[in-house]
Amino acid sequence: MRPEHTPLFAALRELRAGAGLSLAALAERTPYSKSSWERYLNGKSLPPRQAVRALCRLADEPDGRLLALWEIAESHWSGRGAPAPTPPAPAPPTDESPRPRPQEAPPSAGAGRRRLGGSRLLVVLASAYTVIVGGTAALLFVLLPDSEAREAGPRPGSVPFSLAPQCHGAACEGRDPMRLICGIDPDTLAAYRTATGAHVELRHSEKCGASWVRAWGTEVGDRLDVTAGGPTHDVRIRNEDDAATFVYTGMTEVRTGSTVRACFRPASAGGGPECFEARVGGATTTTRPPSPPVASGQ
């Protein structure tokens with residue numbers, strides 16, 4: 001197991017243990033066998049993305065953090081994140097220059113012409129070989145399907161593995177906290193339970209100098225937004241897949257002492273926006289939605 005894979009497998013084992021799920025229970029409630037889960041949890045093979053989501057669902061845990069760890073591990077498992085090989089260093093030059101051997105006589109003019117003729121012959125043969133091979137490769141490229149042609153092309157350059165945040169402050173504005181490694185072990189500034197039952201949290205990464213909102217238990221059409229006095233960034237729950245998992249907004253730049261404001265805007269026509277705030281550097285708070293008004297005559 002490589003070091004960049006360790007956080008994912010450790011998190012999977014911790015989640016499974018916390019939920020009290022046996023290998024038999026995982027095999028019964030997911031499309032994956034006991035032996036598959038044994039390999040996934042012990043780091044013998046990389047689990048499919050859907051297996052990670054299935055474990056989070058069974059453990060009643062949002063899957064955002066584990067999917068971020070999975071993407072990091074997958075990029076290295078597949079070789080896309082492997083460091084490029086270092087070319088061998090050239091041999092150091094020496095002070096000794098080649099000297100003609102005393103027993104070798106200078107070549108005659110006739111020998112020079114013979115070598116020149118041999119060199120020309122080699123050039124002609126090499127050119128013909130290049131034309132034949134190049135033409136064959138071009139023909140195969142035309143005949144190959146698009147997908148195979150793309151696979152035959154050069155792979156993108158590798159990116160060195162790093163768990164360090166990839167942005168800070170203004171450079172994080174509006175960007176994805178998971179992809180930029182800001183969503184690993186952030187602080188929760190405030191937690192909120194909406195009138196519709198959705199869970200909303202204000203999250204903050206001190207290393208990235210940015211905050212965002214995450215939520216789960218939402219409904220299709222719900223919307224979240226966040227601001228710290230500057231631009232507002234939002235996310236809409238577009239379909240059932242979004243509603244069944246963890247969603248989060250883009251990041252907004254914050255500084256110590258800044259006030260971050262989050263709003264949940266339900267899809268239902270009768271529900272108004274529910275907003276709450278938290279101060280960066282202040283105490284963590286948990287906010288409850290206001291009690292519904294009591295109808296007259298009750």
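Numbers given for residues are sequential positions, taken from 1 along each chain in its written order. Per-residue local features of the predicted model are confined to residues with pLDDT of at least 70, and side-chain atom pairs are confined, for both listing and counting, to 80 or more; whole-chain, interface and lining totals are unaffected and use all residues. Calculation of side-chain values draws on the structure's entire complement of heavy atoms; hydrogens and water are dropped beforehand.

*Asks:* Account for the side chain of Asp222, naming residues and giving values.
*Replies:* Per the convention used, a helix needs a DSSP run of H or I reaching at least four residues, while a strand needs a run of E reaching at least two, with both numbered from the N terminus. In this structure, Asp222 sits in the loop between β3 (210–216) and β4 (223–227). For the buried Asp222, which has no salt bridge, the nearest side chain bearing the opposite charge is Arg236, at an N-O separation of 7.8 Å. Of the polar contacts made by the side chain of Asp222, one reaches the backbone nitrogen of Ala267; its length is 2.7 Å. Apart from the residues lying within four places of it in its own chain, the contact partners of Asp222 are Val235, Arg236, Ile237, Phe264, Arg265, Pro266 and Ala267. Relative accessibility thresholds used throughout: buried, under 20% of the residue-type maximum; exposed, over 50%; partly exposed, between the two (1.4 Å probe, protein chains only). Two residue types count as positive, namely Lys and Arg, and two as negative, namely Asp and Glu; His and chain ends fall outside the count. Salt bridges are defined by distance alone: a side-chain nitrogen of Lys or Arg within 4 Å of a carboxyl oxygen of Asp or Glu. What qualifies as a polar contact is a pair of N or O atoms within 3.5 Å, subject to a donor-acceptor requirement within protein and to the restriction that residues adjacent in sequence count only when both atoms come from side chains. The contact criterion used is simple: two residues touch if any of their non-hydrogen atoms lie within 4.5 Å.

*Asks:* Can you lay out the pairing of strand β2 (residues 199–205) for me, pointing to particular residues and giving the numbers?
*Replies:* Of all seven residues making up β2, six are buried, and the element is well covered by its neighbours. Where strand β1 (residues 187–193) lies against β2, six bridges are found, and the strand directions are antiparallel. In the sheet register, Thr188 faces β2, and the bridge partner there is Arg203. Here β1 folds back onto β2, and the loop between the two strands holds five residues, one of which, Gly197, carries a positive phi near 95°. Hairpin connection, β2 to β3: the antiparallel pair is bridged by four residues, and Gly209 has positive phi, about 60°. For two strands to pair, DSSP has to find at least two bridges joining them.

*Asks:* Which residues make up the sheet that holds strand β9 (residues 274–279), and what values do they have?
*Replies:* In space, the four strands of this open sheet follow the order β5-β4-β8-β9, with antiparallel pairing throughout. Of all strands in the sheet, those with a lone pairing partner are β5 (233–236) and β9, marking the two edges. Adjacent strand axes in the sheet meet at a mean angle of 15° when their direction is disregarded. Across five bridges, the pairing between β4 and strand β8 (residues 259–265) is antiparallel. When the sheet's bridge partners are listed, Thr227 is paired in β8 with Arg261. The axes are straight lines fitted to the C-alpha atoms, using for helices just the contacting stretch, and the angles between their N-to-C directions are given from 0 to 180°.

*Asks:* Can you explain the environment of Leu26? Please cite residues and give values.
*Replies:* As for its placement among the helices and strands, Leu26 is situated in helix α2 (residues 23–29). Leu26 sits in the buried class, given a relative accessible area of 0%. Taking the C-alpha atoms as reference, Leu26 lies 7.4 Å from Trp37; in sequence the two are 11 residues apart.

*Asks:* Please give an account of the pattern of salt bridges that cites residues and values.
*Replies:* Taken as a whole and assessed by the stated rule, the structure comprises 11 salt bridges. In this structure, the salt-bridge partner of Asp234 is Arg223, at a minimum N-O distance of 3.3 Å. Linking Asp234 in strand β5 with Arg223 in strand β4, this pair joins segments that are 11 residues apart in sequence. Residue classification places Arg223 among the partly exposed residues on the basis of a relative accessible area of 23%. A salt bridge links Arg265 to Asp225; its shortest N-O distance comes to 2.7 Å.

*Asks:* Lay out the packing of helix α1 (residues 6–19) against helix α5 (residues 64–77) in plain terms, naming residues and giving numbers.
*Replies:* Their axes nearest at 8 Å, the elements α1 and α5 cross at an angle of 140°. With respect to α5, the axis of α1 lies oblique. Remark: the crossing between α1 and α5 carries left-handed chirality. Of the residues in α5, those touching α1 at Pro7, Leu8, Phe9, Ala11, Leu12 and Leu15 are Arg65, Leu66, Leu69, Trp70, Ala73 and Trp77. Each residue is assigned to one of three groups, with Ala, Val, Leu, Ile, Met, Phe, Trp, Tyr, Cys and Pro labelled nonpolar, Asp, Glu, Lys and Arg labelled charged, and all others, Gly among them, labelled polar. A class-by-class count of the residues in the contact of α1 with α5 yields 11 nonpolar, no polar and one charged. In this scheme, roughly parallel covers angles under 35 degrees and roughly antiparallel covers those over 145, while 65 to 115 is roughly perpendicular and the rest are oblique. Each crossing gets its handedness from the near helix: less than a right angle anticlockwise from the far helix is left-handed, clockwise is right-handed.

*Asks:* Let's hear about the nonpolar core: which residues, and what values?
*Replies:* Judged by nonpolar contacts, the single largest core of 24 residues is most densely connected at Leu8, Leu12, Leu26, Trp37, Val52, Leu55 and Leu66. Only α1, α2, α3 (34–41), α4 (49–58) and α5 provide two or more residues apiece to this core. Setting aside anything within four residues of it in sequence, one finds Leu66 in contact with Leu8, Ala11, Leu12, Leu15, Val52 and Cys56. We call a set of buried residues a nonpolar core when its members are Ala, Val, Leu, Ile, Met, Phe, Trp, Tyr or Cys and they connect through side-chain atoms within 4.5 Å of each other. Core analysis: the next-biggest nonpolar cluster, separate from the first, contains 21 residues, Tyr192, Val226, Ile237 and Val254 among them.

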